[in-house]
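Understanding the architecture of this molecule
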Amino acid sequence: MKINFVKMGINGEGIGYLNKKPVFCTGVFPNETADVTIIEEKKNYAIATLDRIIEPSKHRVDSICAYQSKCGGCPLLTMDYNQQLVHKKELLVQALYKYGGVRRNLIRDIHRSEHEIKYRSALKLPVHDFHHSTVTGMYEPNTNHFIQISGCKMHKEGLERMRREVMLAVNQEGLAAYDKKREKGLRYLVIRGIEGKYQICFVTGKQTIKQELIDKVMEIKGVASLNQSINTNRHGTAIFGKTIKHLSGDESIQMEFHGITIKLSMESFFQLNLKQAEAMYDMAVSKIDPCETLVEAYCGIGVMSLLAKDKANHIIGIESVESAVRNARHNAKLNGLQNKTDFLCKDAAQGLLYVLMRQEVDTLLVDPPRSGMDDLMLETILKSSIRKIIYVSCNPSTLGKNIAVLKENYDVKTVIPYDMFPNTPHVESITVLERKKGK
């Protein structure tokens, strides 16, 4: 069936129309004509699979990855990078107008990533047995079909070297892939590399890692620590189990980040595209007016709070993950900011309410998960006297929905997009909101 595709969906799929009904098809870009097969038809839309591209877009380029069509991790890899940025901004524009009524003229041009490939500083890969070897790979999108991948073009070169050497040690010491029935074996390999130092975590079944394997991994150049997490959950999507056990080496790695020193434990979340994260955080902090009290909700390990050290006399971070709060407090002490900062281990809304009951808050900095801020958090903000909000978002749809609520008391001043993940449809942004006069 021949269809002309005119738009891009939020997952990077092409959107065309058949009898005025939208048809979604992975692997097709806007301004392309393709031969497709409808595989699912709903009342308001249809899903198709691509048979062949009849008329390619002038922005289509050759793939640099042999797995691109099967992996699904980089759906925009065969689109010219400049055009990727055009479509990413358009996704943000459409979502913010649809859900939040935000006008296009408030959204600035997207900040491009310095690196289009080899930008990821961490990996989390499933592990399977393949021809009597234990290998890493990926699952095809929306399936349980595992694909062995010899390397990823988005990983930094050092990260790929570390993956190969760790998996060589795994095979030499006979650690098999995870067996669901026996609840033993290696389920995921997790590696993070920063400034030449690498944290490794084996996510396994209920077993003890052999000392011989621990020693062999720790001998690999650059390995700073080895950890283990036991995860036998058959239904959840979380990679790590409930706890992470430190097996050898340093419990954390230290790095310099835009003028501050931070330590990261294995379970600490940190951005994958470090250069772009530095640029985005710098922009977010620049939008904070000098004030008495700044609160950062969903603060993680406290990086933006510490970067904002010269913007407020008192900085309060709120985070629900206990290990992240410990990291944040340690990082504050590491930078001599323990007397200027407080980090609370609380739910974002409960933490903000706790602070507001005790003092006024001038500026609120938020970086919520993809689900956005919940109703209680939005209600707490609306009832406060907070003058300015700096909202860092990784999801245009939930950002738009949150803005729709906040617009009762706040005006959107600007939205600044950042491309944190080239070759994917994901787009992050900073939104500046100011309290309306008289509210």
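Residues numbered from 1 in each chain as written. Predicted model: local features only at pLDDT ≥ 70, side-chain atom pairs only at ≥ 80, totals over all residues. Heavy atoms only, no water.

1. Side note on the overall build of the protein chain
If you tally the helices and strands in the protein chain, you get ten helices and 21 strands. Over its C-alpha atoms the protein chain spans a radius of gyration of 23 Å, differing by no more than 12% from the 22 Å that the globule rule assigns to 439 residues. Reported as C-alpha extents along the three principal axes, the dimensions of the protein chain are approximately 70 × 60 × 35 Å. Considering only intrachain contacts with a sequence separation of at least 6, the fraction spanning at least 24 residues in the protein chain is 62%. Summed over its atoms, the accessible surface of the protein chain is roughly 21200 Å², and 48% of this surface lies on carbon and sulfur atoms. Both charge centroids of the protein chain, one from 61 positive and one from 50 negative side chains, sit 3 Å from each other. (Helix = DSSP H or I, 4+ residues; strand = E, 2+ residues; numbered from the N terminus. Rg over C-alpha atoms; globule rule 2.2 N^0.38 Å. Contact = heavy atoms within 4.5 Å. Areas by Shrake-Rupley, 256 points an atom, 1.4 Å probe, with all protein chains shown as cover. Lys, Arg positive; Asp, Glu negative; His and termini not counted. Charge placed at Lys NZ, Arg CZ, Asp CG, Glu CD.)

2. With respect to unusual backbone geometry
The phi torsion at K20 lies on the positive side, around 70 degrees, for a residue other than glycine. With respect to the helices and strands, K20 occurs in the loop between β2 (14-18) and β3 (21-25). Residue classification places K20 among the exposed positions, given a relative accessible area of 81%. The phi dihedral of H132 is positive, around 65 degrees, even though this residue is not glycine. Given the relative accessible area of 87%, H132 is considered exposed. (Buried < 20%, exposed > 50% of the residue type's maximum accessible area, 1.4 Å probe, protein only.)

3. Details of the packing of aromatic side chains
The full count for this structure, using the stated rule, is four aromatic pairs. Residues F24 and Y45 carry aromatic rings whose centres are separated by 5.9 Å and whose planes lie at 85 degrees to one another, so their mutual orientation is edge-to-face. Here F24, found in strand β3, pairs with Y45, found in the loop between β4 (32-41) and β5 (46-55); they are 21 residues apart in sequence, far enough to count as distant. Ring centres of F257 and F270 lie 5.3 Å apart, and the angle between their planes is 80 degrees; on these two criteria the pair is classed as edge-to-face. Taken together, the positions of F257 in strand β13 (residues 252-257) and F270 in the loop between β14 (260-265) and α5 (274-286) put the pair 13 residues apart, joining distant regions of the chain. Classification of F257 as buried rests on a relative accessible area of 2%. A relative accessible area of 6% places F270 in the buried class. (Phe/Tyr/Trp six-rings, centres within 6.5 Å; stacked < 30°, edge-to-face > 60°.)

4. What to know about the layout of surface pockets
Considered as a void within the structure, the second largest pocket measures approximately 370 Å³ in volume. Secondary-structure elements contributing two or more residues to the lining of the second largest pocket are β1 (2-8), β2, β3 and α2 (81-100). Broken down by element, the residue count for the lining of the second largest pocket peaks at five residues, all from α2. Broken down by class, the residue content of the lining of the second largest pocket amounts to nine nonpolar, three polar and three charged. (1 Å grid on protein atoms, 1.4 Å probe; cavity = no way out; pocket = protein on both sides within 12 Å on 5 of 7 lines; lining within 4 Å. Points joined across faces, edges and corners; volume = space filled by probe spheres on them. Nonpolar A, V, L, I, M, F, W, Y, C, P; charged D, E, K, R; others polar.)

5. With respect to the sheet that holds strand β11 (residues 223-230)
Pairing within the open sheet is mixed, and its seven strands lie in the order β8-β7-β6-β9-β10-β11-β12. Edge positions in the sheet fall to β8 (146-148) and β12 (245-249), since each of these pairs with one other strand and no more. The mean angle between the axes of side-by-side strands here comes to 35 degrees, regardless of whether they run parallel or antiparallel. Sheet topology note: the strand β10 (residues 197-204)/β11 ladder contains seven bridges and is parallel. Across the sheet, V203 pairs through a bridge with S229, a residue of β11. Across the face of the sheet, helix α4 (residues 211-218) comes into contact with β10, β11 and β12 while running at roughly 145 degrees to β11. (Pairing = 2+ DSSP bridges. Axes fitted to C-alpha atoms, helices over the stretch in contact; angles between N-to-C directions.)

6. Quick notes on the pairing of β2
Bridge count between β1 and β2: three bridges; the pairing is antiparallel. The residue of β2 that forms the bridge with F5 is G16. Linkage of β1 to β2, two consecutive antiparallel strands, is achieved through a turn of five residues, within which G12 is found at a positive phi near 90 degrees. As defined by bridge partners, β2 adjoins β3 across five bridges and the pair is classed as antiparallel.

7. So, the nonpolar core
Counting 49 residues, the largest nonpolar core has F257, I262, F270, V303 and I430 as its most contacted members. Setting aside anything within four residues of it in sequence, one finds F270 in contact with R192, M255, F257, I262, L264, I301 and V303. With 38 residues, the next largest nonpolar core counts V93, Y298, L344 and L406 among its residues. (Core = buried A, V, L, I, M, F, W, Y, C linked by side-chain atoms within 4.5 Å.)

8. Comments concerning helix α10 (residues 396-406)
Counting buried positions along α10 gives eight out of eleven residues, so the element sits mostly inside the fold. What α10 keeps buried is the set P396, S397, T398, L399, G400, N402, I403 and L406. Buried residues along α10 sit in contact with α2, α9 (375-382), β19 (388-393), β20 (410-418) and β21 (428-435). Where α10 begins, one side-chain oxygen reaches toward the backbone nitrogen of S397, 3.0 Å away; that side chain belongs to N395. (Polar contact = N/O pair within 3.5 Å; in protein donor to acceptor, adjacent residues only side chain to side chain.)

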